[in-house]
Amino acid sequence: MPTFFNHPFQSNGFIPHGHCYLWQTGLVWLHIISDAAIAFAYYSIPFLLIYFISKRKDVPFNGVFLLFGAFIIACGTGHLMDIWTLWHPDYWIAGTLKALTAIISIYTAFALFFLMPQALSLPSPAQLEVINRALSSEIVERKRIEKELRLAEEVAQNSNQAKSEFLANMSHELRTPLNGILGFTQILQRTESLSEKGRKGVSIIYQCGSHLLNLINDVLDFSKIEARKLELYPVDFYLPAFIDSVTEICRIRAEQKVIAFHVQLDPNLPTGIHTDEKRLRQVLINLLSNAIKFTHQGSVTFKVQVIAQESNANGQINYKIRFEVIDTGTGIIPQQADKIFQPFEQVGNQKRQSEGTGLGLAISQKIVLLMGGQIQVQSEFGKGSTFWFEAKLPESKDWAKVSRVVEQGTIIGYQGEMRTILIADDKWENRSVIVNLLEPVGFTVVEASQGQEALQQTLAHKPDLIITDLVMPILDGFELISRLRQSEQFKGIAVIASSASVFAADQYKSIDLGADAFLPKPVEAETLLEMLRQFLHLEWIFDGQINAIKKIEASGLEQTNEMIYPAKEVLEKLLELVQDGDIQNILDLAEQLSASDGQLKVFVQQLVQLASNFQLKRLEIFIEQYIN
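Think of each chain on its own: its residues are numbered from 1, step by step along the sequence as written. Side-chain atom pairs in this predicted model are given and counted only at pLDDT of 80 or more, local residue features only at pLDDT of at least 70, and totals for whole chains, interfaces and linings cover all residues. As a rule here, side-chain values come from all non-hydrogen atoms in the structure, and water together with hydrogens is ignored.

Draft legend 1. Representation of empty space enclosed by the protein in the model. Points on a 1 Å grid over protein atoms alone make up a cavity when a 1.4 Å probe fits among them but cannot get out, and a pocket when they form an open set with protein on both sides within 12 Å along at least five of seven lines; lining residues each have an atom within 4 Å of a point. Grid points are joined across faces, edges and corners, and a volume is the space filled by probe spheres set on the points. Applying the stated criterion to the full structure yields 1 cavity of 30 Å³ or more. Along the walls of the largest cavity sit 12 residues, with I423, D425, I434, S498 and K521 positioned nearest its centre. Helix and strand assignments come from DSSP, with helices taken as H or I runs of at least 4 residues and strands as E runs of at least 2, each series counted from the N terminus. Of all the secondary structure elements, the ones that give two or more residues to the lining of the largest cavity are β9 (420-424), α12 (428-438) and β11 (465-469).

Here you go:
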């Protein structure tokens, strides 16, 4: 070896390998051709391996392929060296080349040894065939399942559509008799002189009908949630009046159960807000009604407070308002707290469970989620519960454009010439409700049982306003509206579409065809009369129930330096009403004070002015100064 490093190309003293073959031409050429052919074959293999590796980079044996290629190149070079040494005795180089080939071959052998288990684990062609057959079977099975799923999906869609149609039809069929029940109870309450027992009976009928309507609406609302069709329709409204209307409804229920009902309002609440008034009222009444239902003694407290406020780029203030309902009722165990927001889940005893559908909290939670909040609950079994949610509500500066809820008495007529109303409906009971609501107020009401007759009556009587049902024989309400709007003679007549359908598509379609408004059934008298006031530009004439208060409000504050106030017991009663937010009873008591003692005129004027504007904080300070 040292000799090799000193003289790596030394060939002195050696004779060429050809002498071993005695330079016989045939023998020499035999070895030359054989060694050259072997070398050529050896060299071609690595090129094929390199080509294979470049095309199949996913094969896990690329390293071994490279080693194997190097080994074969070394072997091929060794055969070329054998040809070289026929004439040139460079045996040191030839030996070194063989030693290098030996090293590569040994390393390749070891690599193959460790690679063998992995190679043996690869499936054989027979195994691959079995796997392919299994995969083919799985593919066939998967296609069969996918086909079944598509069929099941079609069946589910058809079932869902059938359910929607069923709900729509049932809604229409249930609301039609309810329209008669609720409509005529309102008519009796407005127009008939009833005994105390009769008034209570009519009130009970109206309450029961309204309760049944609420149950129907719960089921329909949940159906909309399932179909992802429940949407919010924000409007501007006066927040103090809204809260007062909600609390008054629930206060009556609390008084019937002889439990205390407290209202705590943040003095920093905005005057007007912009959100879906109907849905917010639905959520709050549901939470308060549940609290009252499950409270047998103690109290229910309704708190509304401002958590935060911020201004946006347009200068509009967004309020984060927390609505909270606290009761001292039966409470909820932890296992029930996880279930109460699920559909059709009810807690409590069987008697209480039978009072509703079990959808109220599920629907309320969905509504609050649409508002960007979430209803949360904290409860202790046997001691009471607290439900609350927070919502970001933008302040409204245009709330005054929305009619504020102020009791003005019963409408007994309107100023100006007599107006004619045409009512088109195939149900006589629905027409009867409208007739008995409007004729006592001074309207001339013309009836039509279907659309074609409505067109004839329109031509004959030229009504000032038309109220039409949407589902009628011969000519339905949609076609009636369309023809009226296409007519040069009648296109200016105000048209109100009315239907028991709860699906927004019917409402939108009627508006798109040219209806001026949509009136849902059962018809609410206040809603109908407000629409008539707007479209016919009416000024109502009211009865004299609250004329005394109106005269007080109309006159200015006089002789403020000679304020005479009522007895302390009356002041304390007024303070209690203010703290409860009970505006209506404050106004009633003010009317009694004004009628009983003329010297209280200035005090009552101030009291009515603050109460009518829902300035509860100032009203509380005003009363406390006279108590003290």
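Draft legend 2. Fine view of the packing of aromatic side chains. The rule is short: rings of Phe, Tyr and Trp, with Trp giving its six-membered ring, pair when the centres are within 6.5 Å, and they are stacked under 30 degrees, edge-to-face over 60, tilted in between. Applying the stated rule across the entire model yields 8 aromatic pairs. Judged by centre distance (5.3 Å) and plane angle (80°), the ring pair of F622 and Y626 falls under edge-to-face. With a gap of 4 residues between them, F622 and Y626 both fall in helix α21 (residues 616-627), about one helical turn apart. Here the two residues F622 and Y626 agree in accessibility, since each one is buried. We call a charge positioned over a ring when the NZ of a Lys or the CZ of an Arg lies within 6 Å of the ring centre and within 35 degrees of the ring normal. Over the ring of F478 we find K509, and its NZ or CZ is 4.4 Å from the ring centre. To sort residues, take the accessible area from a 1.4 Å probe on protein chains only and compare it with the maximum for the residue type: under 20% means buried, over 50% means exposed, and anything in between is partly exposed.

Draft legend 3. Representation of unusual backbone geometry in the model. Residue I474 is not a glycine yet carries a positive backbone phi of 65°. One can find I474 in the loop between β11 and α14 (477-486). Of note in this structure, H537 is not a glycine but carries a positive phi near 55°. Take H537: its relative accessible area is 68%, and that puts it in the exposed class.

Draft legend 4. Fine view of the sheet that holds β9. A sheet is described by the order of its strands in space; here 5 strands give the open sequence β10-β9-β11-β12-β13, paired in parallel fashion. The open sheet has two free edges, formed respectively by β10 (444-448) and β13 (517-520), since each of these has just one partner strand. Within this sheet the neighbouring strands show an average axis-to-axis angle of 20°, counted without direction. As paired strands, β9 and β10 are joined by 5 bridges and run parallel to one another. Each residue of the ladder has a partner; that of A424, found in β10, is A448. When DSSP finds two or more bridges between a pair of strands, those strands are recorded as paired. Each axis is a line fitted through C-alpha atoms, and for a helix only the stretch in contact is used; angles between axes span 0 to 180 degrees, taken between their N-to-C directions.

Draft legend 5. Focus on the sheet that holds strand β5 (residues 317-327). Read across the open sheet, the 5 strands follow the order β2-β4-β5-β7-β6; overall the sheet is mixed. A strand with exactly one partner marks an edge of an open sheet, and here the two such strands are β2 (260-265) and β6 (376-380). The average angle at which neighbouring strand axes cross in this sheet is 15°, direction not considered. The pairing of β5 with strand β7 (residues 384-394) spans 10 bridges and is classified as antiparallel. Across the sheet, the residue bridging to E324 is W388, located in β7. Should any heavy atoms of two residues lie within 4.5 Å, those residues are counted as being in contact. Those strands touched by helix α7 (residues 239-256) are β2 and β4 (299-311), and its axis lies near 165° from that of β2.

Draft legend 6. Spatial organisation of the confidence of the model for the protein chain. Per-residue confidence from the prediction method is given by pLDDT, with values spanning 0 to 100. Per-residue confidence for the protein chain gives a mean pLDDT of 77, with 77% of residues at or over 70. Mean pLDDT across the elements of the protein chain bottoms out in helix α10 (residues 350-353) (43) and peaks in β9 (93). The low-confidence segment residues 400-407, where pLDDT is below 50, has 12 contacts with residues more than four positions distant or belonging to other chains. With pLDDT under 50 throughout, residues 545-561 is counted as low confidence; its partners more than four residues away or in other chains account for 29 contacts.

Draft legend 7. Seen up close, helix α19 (residues 583-596). The end-to-end C-alpha separation of α19 is 20 Å, in line with the 20 Å expected for 14 residues at 1.5 Å each. Those residues of α19 that fall on the buried side of the exposure criterion are I583, I586, L587, L589, A590 and L593. Within α19, the buried residues cover an arc of 165° as seen down the axis, which keeps them to one side. Opposite the buried face of α19, by more than 90 degrees, sit the exposed residues Q592, A595 and S596. To estimate the expected span of a helix, subtract one from its residue number and multiply by 1.5 Å. Note that the arc is defined by the directions from the helix axis to the C-beta atoms.

Draft legend 8. Structural detail: the side chain of D425. In this fold, D425 is placed in the loop between β9 and α12. Polar contact is defined as a pair of N or O atoms within 3.5 Å, subject to the rule that within protein one atom must be able to donate a hydrogen and the other to accept it, and that residues adjacent in sequence are counted only when both atoms are side-chain atoms. Polar side-chain contacts of D425 include one of 2.9 Å to the backbone nitrogen of K427. Every residue in contact with D425, bar those within four places of it in the chain, is listed here: N430, R431, A448, S449, D469, M472 and K521.

Draft legend 9. A look at the packing of α12 against helix α16 (residues 525-536). Their axes nearest at 11 Å, the elements α12 and α16 cross at an angle of 65°. Comparing the axis directions of α12 and α16 gives the class roughly perpendicular. Where α12 crosses over α16, the two elements pack in a sense that is right-handed. Between α12 and α16, the residues in contact are I434, L437 and L438 and A525, L528, L529 and L532, respectively. Under the grouping applied here, Gly and all other residues not named as nonpolar or charged are polar, the nonpolar ones being Ala, Val, Leu, Ile, Met, Phe, Trp, Tyr, Cys and Pro and the charged ones Asp, Glu, Lys and Arg. Here the contact of α12 with α16 is built from residues that sort into 7 nonpolar, no polar and no charged. Should an angle fall under 35 degrees it is called roughly parallel, over 145 degrees roughly antiparallel, and 65 to 115 degrees roughly perpendicular, with every other angle called oblique. Helix crossings get a hand from a simple test, with the near helix turned counterclockwise from the far one by less than a right angle marking a left-handed crossing and a clockwise turn marking a right-handed one.

Draft legend 10. The arrangement of the environment of E524 in detail. Of note, E524 is situated in the loop between β13 and α16. Spatially, the C-alpha atoms of E524 and Q186 are 8.2 Å apart, while their sequence positions differ by 338 residues.

Draft legend 11. How the structure looks around the packing of helix α13 (residues 451-461) against α14. For the pair α13 and α14, the least separation of the axes is 9 Å and the interaxial angle reads 30°. Here α13 lies roughly parallel to α14, going by the angle between them. You can see that α13 and α14 cross each other, and the crossing is right-handed. Along the contact surface, α13 presents G451, Q452, A454, L455 and T458, while α14 presents L480, R483 and L484. Per-class residue counts for the contact of α13 with α14 are 4 nonpolar, 3 polar and 1 charged.

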